[in-house]
Amino acid sequence: MIGRSQPASSEQADGLLGPPGYRVVAGWTAPARARARAAEVIAAHRGTAPEVLHNPHVDQEWAQAIVRTDRLLNAVRDVIGPNVAVENMFLVVKWPGRDFEVPWHQDGINDRLELDPERSVAAWVALTDTDTESGCLHVVPGSQRVGYLPYEAEPDTGAARGRALGIRVGDSIQGVAVPVRAGSGLLMDTRLLHCSHSNTGAGARVGLNIRYVAPGAVSMRDGSSPSLSPLSGTGW
């Protein structure tokens, strides 16, 4: 059973995205355009078959374009306000037939930083169609109300992607599968519990995990200044 502290109010407990803790962003781009980009990613990396690539928005124009896509960026602005930067991005490829379980986790906390859930939001955007077979996200609606939880690194499997940070939950926590079509995605409270399973389908599953922040959202554990990529506004 996941424990929780008593919230100051129901509005504060629910967070910026309301009681579910997540919201679908439909059609940030056309499905065919997203699939074409995924095909390019797959072709470029098929030889080495990496599973996680860090911060492609820093030096790759296609990723820079995606984080600035009008419908996606406007949806983020609606949640955290006009001043928006990218704090981090992962390109995640789940190759078919390869074990790649992402444990239950929260996007807003790790060994390096903690994000203020009132000034940040996590986005997951699909470049390929994702369903339960290919490893779509599973979320626990309302789990943001428990706040940030203790986490630990998953067992060392020797995978090149490293060891993901996970949260231990009871067997009763199953979550809800959220299939997403290519060119659509999710916005999630940075405290929302979510996971994904291995891809047992025929093709690669390609998605982007993006952490968007407003000014003052990032608390670095070592006291340093965060490395941000401002997208809009004048608060930087």
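All of these numbers come straight from a predicted model, not from anything done at the bench. (Residues numbered from 1 in each chain as written. Predicted model: local features only at pLDDT ≥ 70, side-chain atom pairs only at ≥ 80, totals over all residues. Heavy atoms only, no water.)

Asker: An account of the overall build of the protein chain is requested, with residue identities and associated values reported.
Answerer: Of regular secondary structure, the protein chain possesses four helices and 15 strands. Residues counted as buried form 49% of the 236 residues belonging to the protein chain. Here the contacts in the protein chain between residues at least 6 apart in sequence split such that 88% fall between residues at least 24 apart. Summed over all atoms, the accessible surface of the protein chain reaches about 11,200 Å², with 50% contributed by carbon and sulfur. (Helix = DSSP H or I, 4+ residues; strand = E, 2+ residues; numbered from the N terminus. Buried < 20%, exposed > 50% of the residue type's maximum accessible area, 1.4 Å probe, protein only. Contact = heavy atoms within 4.5 Å. Areas by Shrake-Rupley, 256 points an atom, 1.4 Å probe, with all protein chains shown as cover.)

Asker: An account of the nonpolar core is requested, with residue identities and associated values reported.
Answerer: Counting residues in each nonpolar core, the largest one holds 37 residues, and the members touching the most others are Leu187, Ile210 and Tyr212. Elements with a contribution of two residues or more to this core: helix 2 (31-45), helix 3 (61-67), helix 4 (70-80), strand 3 (84-94), strand 6 (120-126) and strand 13 (205-213). At six residues, the largest contribution of residues to this core is made by helix 4. In this structure, tyrosine 212 is in contact with Val67, Leu72, Leu73, Val76, Ile80, Val84, Ala85, Val86, Ser120, Val121, Ala123 and Leu231, ignoring residues within four places of it in sequence. Leu137, Val139, Val180 and Met188 belong to the second largest nonpolar core, which has 11 residues in total. (Core = buried A, V, L, I, M, F, W, Y, C linked by side-chain atoms within 4.5 Å.)

Asker: So what's going on with helix 4? Which residues, and what values?
Answerer: Among the residues of helix 4, those classed as buried are Leu72, Leu73, Ala75, Val76, Val79 and Ile80. Along helix 4, the residues classed as buried sweep out an arc of 155° about the axis, all on the same side. Across from the buried face of helix 4, at angles greater than 90 degrees, the exposed residues are Asp70, Arg71 and Asp78. Glycine 81 sits one or two positions beyond helix 4 and adopts a positive phi of about 100°. (Arc of directions from axis to C-beta.)

Asker: Quick rundown of the sheet that holds strand 10 (residues 176-178)? Include the residues and the values.
Answerer: Here we have four strands laid out as an open sheet, ordered 4-12-7-10, and antiparallel in their pairing. A strand with exactly one partner marks an edge of an open sheet, and here the two such strands are strand 4 (102-105) and strand 10. Strand after strand, the sheet turns through a mean of 25° between neighbouring axes, direction not considered. (Pairing = 2+ DSSP bridges. Axes fitted to C-alpha atoms, helices over the stretch in contact; angles between N-to-C directions.)

Asker: Outline the side chain of glutamate 87, listing residues and values.
Answerer: Tracing the chain through its elements places glutamate 87 in strand 3. A polar contact of 2.7 Å, which involves the side chain of glutamate 87, links it to the side chain of arginine 112. A polar atom in the side chain of glutamate 87 sits 2.7 Å from the side chain of arginine 211. Glutamate 87 has contacts with Arg112, Leu113, Arg211, Val213, Val218, Ser227 and Leu228, leaving out every residue within four places of it along the chain. (Polar contact = N/O pair within 3.5 Å; in protein donor to acceptor, adjacent residues only side chain to side chain.)

Asker: Got a sec to walk through the side chain of asparagine 199? Specific residues and values, please.
Answerer: By the secondary structure assignment, asparagine 199 is in the loop between strand 12 (194-196) and strand 13. Residue class for asparagine 199 comes out buried when judged on its relative accessible area of 2%. Engagement of the side chain of asparagine 199 in a polar contact is seen with the backbone nitrogen of glycine 201, the distance being 2.8 Å. Within the structure, asparagine 199 has its side chain in polar contact with the backbone oxygen of glycine 203 (distance 2.7 Å). Ignoring anything within four residues of it in the chain, the contact list for asparagine 199 reads Lys94, Trp95, Pro96, Gly97, Arg98, Glu133, Ser134, Gly135, Ala204 and Arg205.

Asker: Hey, could you go over the confidence of the model for the protein chain for me, with residue numbers and the actual values?
Answerer: Scored by pLDDT, the protein chain comes out at a mean of 90, with 89% of its residues at no less than 70. Scored below 50 in pLDDT, residues 1-11 makes 10 contacts in the model with residues more than four places away or belonging to other chains. (pLDDT = per-residue confidence, 0-100.)

Asker: Any chance you could break down the environment of alanine 204 for me, citing the residues and the numbers?
Answerer: In this fold, alanine 204 is placed in the loop between strand 12 and strand 13. According to the relative accessible area criterion, alanine 204 is buried, its value standing at 16%. Spatially, the C-alpha atoms of alanine 204 and valine 93 are 6.6 Å apart, while their sequence positions differ by 111 residues. Each residue touching alanine 204, except ones within four places of it in the same chain, is listed here: Ile42, Val93, Lys94, Trp95, Pro96, Thr128 and Asn199.

Asker: With reference to specific residues and values, describe the pattern of salt bridges.
Answerer: Where charged atoms from two side chains of opposite charge approach closely, those side chains can pair. Across all of its chains, the model carries eight salt bridges by this definition. Here arginine 145 and aspartate 14 are joined by a salt bridge, their closest N and O atoms 2.8 Å apart. Here arginine 145, found in the loop between strand 7 (137-139) and strand 8 (152-153), pairs with aspartate 14, found in helix 1 (residues 10-14); they are 131 residues apart in sequence, far enough to count as distant. Look at arginine 145 and you get partly exposed, because its relative accessible area is 30%. Take aspartate 14: its relative accessible area is 15%, and that puts it in the buried class. Of the charged contacts, one joins arginine 35 and aspartate 129 as a salt bridge, the two residues approaching to 3.1 Å between their closest N and O atoms. One end of the pair, arginine 35, is in helix 2; the other, aspartate 129, is in the loop between strand 6 and strand 7, with 94 residues separating them in the sequence. Its relative accessible area of 33% is what places arginine 35 among the partly exposed residues. Exposure remark for aspartate 129: the relative accessible area of 40% places this residue in the partly exposed category. Each of the salt bridges in this network shares a partner with another, and the network as a whole consists of Glu87, Arg112 and Arg211. (Salt bridge = Lys/Arg side-chain N within 4 Å of Asp/Glu carboxyl O.)

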